[in-house]
Amino acid sequence: MESRVEKAVENFKSGCNCSQAVLLAFADLIGLDEKTAMLLSSGLGGGVGRMREVCGAFNAAAIVVGMKVGSLDPNDRQAKKHTYETVQKVAEEFKKTNHSIVCRELLGLDKSKKETATPDERTAEYYKKRPCAHIVADAARALETVVFNEE
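A brief look at the structure comes next.

Rules and cut-offs
- Residues numbered from 1 in each chain as written.
- Predicted model: local features only at pLDDT ≥ 70, side-chain atom pairs only at ≥ 80, totals over all residues.
- Heavy atoms only, no water.
- Helix = DSSP H or I, 4+ residues; strand = E, 2+ residues; numbered from the N terminus.
- Buried < 20%, exposed > 50% of the residue type's maximum accessible area, 1.4 Å probe, protein only.
- Core = buried A, V, L, I, M, F, W, Y, C linked by side-chain atoms within 4.5 Å.
- Contact = heavy atoms within 4.5 Å.

### Here's the deal with unusual backbone geometry
With phi around 60°, Arg50 is a residue other than glycine that occupies positive phi space. Residue position: Arg50 is located in the loop between helix 3 (34-41) and helix 4 (56-69). According to the relative accessible area criterion, Arg50 is buried, its value standing at 10%. The phi torsion at Arg52 lies on the positive side, around 65°, for a residue other than glycine.

Shown next as structure tokens:
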């Protein structure tokens, strides 16, 4: 399988938020067109709406898992279990290179500081101080390892 890690990083560096970058990199493998992937993940960046909660790149990974191994039957407990186990495995893999799946913790931000909804301008300085491109790569790599390793 073509590596999606570089594609996810390229998406991020082209202006996509962290969630869009990851979901767009896997969209064709899970039956999503680019427009749907971009819109579906647009509110998840910055730890969901830039609130610095669960990392947007990881949220996108959970969406990919759901699209790949999820179930349409809301009463199928075994299918839910399998989906949740797969998300947890992706989290474990992601945490091998990151200490958390929480955006503010990954970025080393002060929990008491209120974030604004305004995204930072993407400058050379932004990319120097923010590890987001690496985090996006780690989320894509975790998906490749756990979900797409047999393909």
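### Topic: the environment of Arg52
As for its placement among the helices and strands, Arg52 is situated in the loop between helix 3 and helix 4. Owing to a relative accessible area of 7%, Arg52 belongs among the buried residues under this scheme. Linking Arg52 and Arg104, residues 52 residues apart in sequence, is a C-alpha distance of 4.9 Å.

### A word on the nonpolar core
One finds Val90 and Leu143 to be the most contacted residues of the largest nonpolar core, which totals 43 residues. The dominant element in this core, judged by the number of residues it contributes, is helix 8 (residues 132-146), at 10 residues. When sequence neighbours within four positions are dropped, the list of residues in contact with Val90 reads Phe58, Ala61, Val65, Ala142, Leu143, Val146 and Val147.

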